[in-house]
Amino acid sequence: MQLDQAHIDEFQSNGFVAIPGFYNPDDVSAVQSGIYAIIGAVMARHGIADTRPDFAPGNFDVGYMDMIRSNRQWGGEVYDLVKEIPAFNRLIAHLDHEKVMRQLRPGAVPGLTAGGSGIRIDNPNEDRFRAMWHQEYPAQLKSPDGLVFWSPLVEITADLGPVMFCPGSQREGQLAVCHADLENSGRTGAYALKLAAEEELLARYDKAAPLSRPGDLVVLDFLVLHASGYNRSDRPRWSMQFRYYNLANAIGQSHGWKGSFASGVDFRTVHPELFVEAGHG
């Protein structure tokens, strides 16, 4: 797929761009079907009678909420397994991802972050697990010149909590982080970090929260400020993420394209200059 100039201009201005109908519907349906099968397998493992209707793209997660109401840990089993769906893994290295990156980053040498792709399940009212305002780079490292390819598996409505963006904030460059405050205790890895001087920083920007449907794609810069929305619906917000980075970026080259927390590397050891004690940002 080739982006038109309007898409490119919007990305360069805002740090993100929404592209309707990017993926083949059959490819998305295959991922949804895989999730349906995994939910059934976890139900069977725990002796839950499977009375679900037959699979359809609109009901692929039927039974999931009832299951986690019985035992929240069973949802963790589903979360781990959905990353292993063959149809999802075929999308990770989708050729059009590489084409889009080459258009948005002329001269880039695309790389695919190991462990940087997954399917998020944002359950209703589980705010502890939502992503706070952040840049992608501290969580991924590799290179600050990277792109996230984000695509929903359910229709995103306002009550499902669409991803929020600060348009133009990628021009801030790499921002300092600090420990998350006490109200977010229990978070680990990248989730235990928050932006230094967050309120002052966010006050400088308008917020955007584009709605989207299965098959749509949102491409975002590793440095644009964004956060998970608040899911106040009665259904999980299911979404796919794929992360690419530019091997030609000098900062990535300087630290050997290290991965971050998912690779066992603490961002703060690679960029100590970007970590401050809370209250000193």
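Conventions and cut-offs
Residues numbered from 1 in each chain as written. Predicted model: local features only at pLDDT ≥ 70, side-chain atom pairs only at ≥ 80, totals over all residues. Heavy atoms only, no water. Axes fitted to C-alpha atoms, helices over the stretch in contact; angles between N-to-C directions. Helix = DSSP H or I, 4+ residues; strand = E, 2+ residues; numbered from the N terminus. Parallel < 35°, antiparallel > 145°, perpendicular 65-115°, else oblique. Left-handed = near helix turned anticlockwise from the far one by under 90°. Contact = heavy atoms within 4.5 Å. Expected span 1.5 Å × (residues − 1). Buried < 20%, exposed > 50% of the residue type's maximum accessible area, 1.4 Å probe, protein only. Polar contact = N/O pair within 3.5 Å; in protein donor to acceptor, adjacent residues only side chain to side chain.

Student: Can you tell me about the packing of helix α2 (residues 25-45) against helix α4 (residues 72-82), naming the residues and giving the values?
Tutor: Contact geometry of α2 with α4 gives a least axis separation of 10 Å together with a crossing angle of 140 degrees. The orientation of α2 relative to α4 falls into the category oblique. Here α2 and α4 pass one another in a crossing that is right-handed. Of the residues in α4, those in contact with Ile35, Ile38, Ile39, Val42 and Arg45 of α2 are Trp74, Glu77, Val78, Leu81 and Val82.

Student: Which residues make up α2, and what values do they have?
Tutor: Here α2 is 21 residues long and its end C-alpha atoms lie 30 Å apart, about the 30 Å a rise of 1.5 Å per residue gives. Of all the positions in α2, only Val28, Val31, Gln32, Gly34, Ile35, Tyr36, Ile38, Ile39, Gly40, Val42 and Met43 are classed as buried. Where α2 is buried, its residues contact α3 (64-70), α4, α5 (86-92), β3 (118-122) and β10 (237-246). For α2, the N-terminal capping position is held by Asn24, with its side-chain oxygen 2.8 Å away from the main-chain nitrogen of Asp26. Two residues or fewer past α2, Gly47 is found with a positive phi of approximately 75 degrees.

Student: Can you explain the environment of Asn71? Please cite residues and give values.
Tutor: Assignment of secondary structure puts Asn71 in the loop between α3 and α4. When its relative accessible area of 25% is taken as the criterion, Asn71 is described as partly exposed. When the C-alpha atoms of Asn71 and His46 are compared, they prove to be 10.0 Å apart, with 25 residues separating the residues in sequence.

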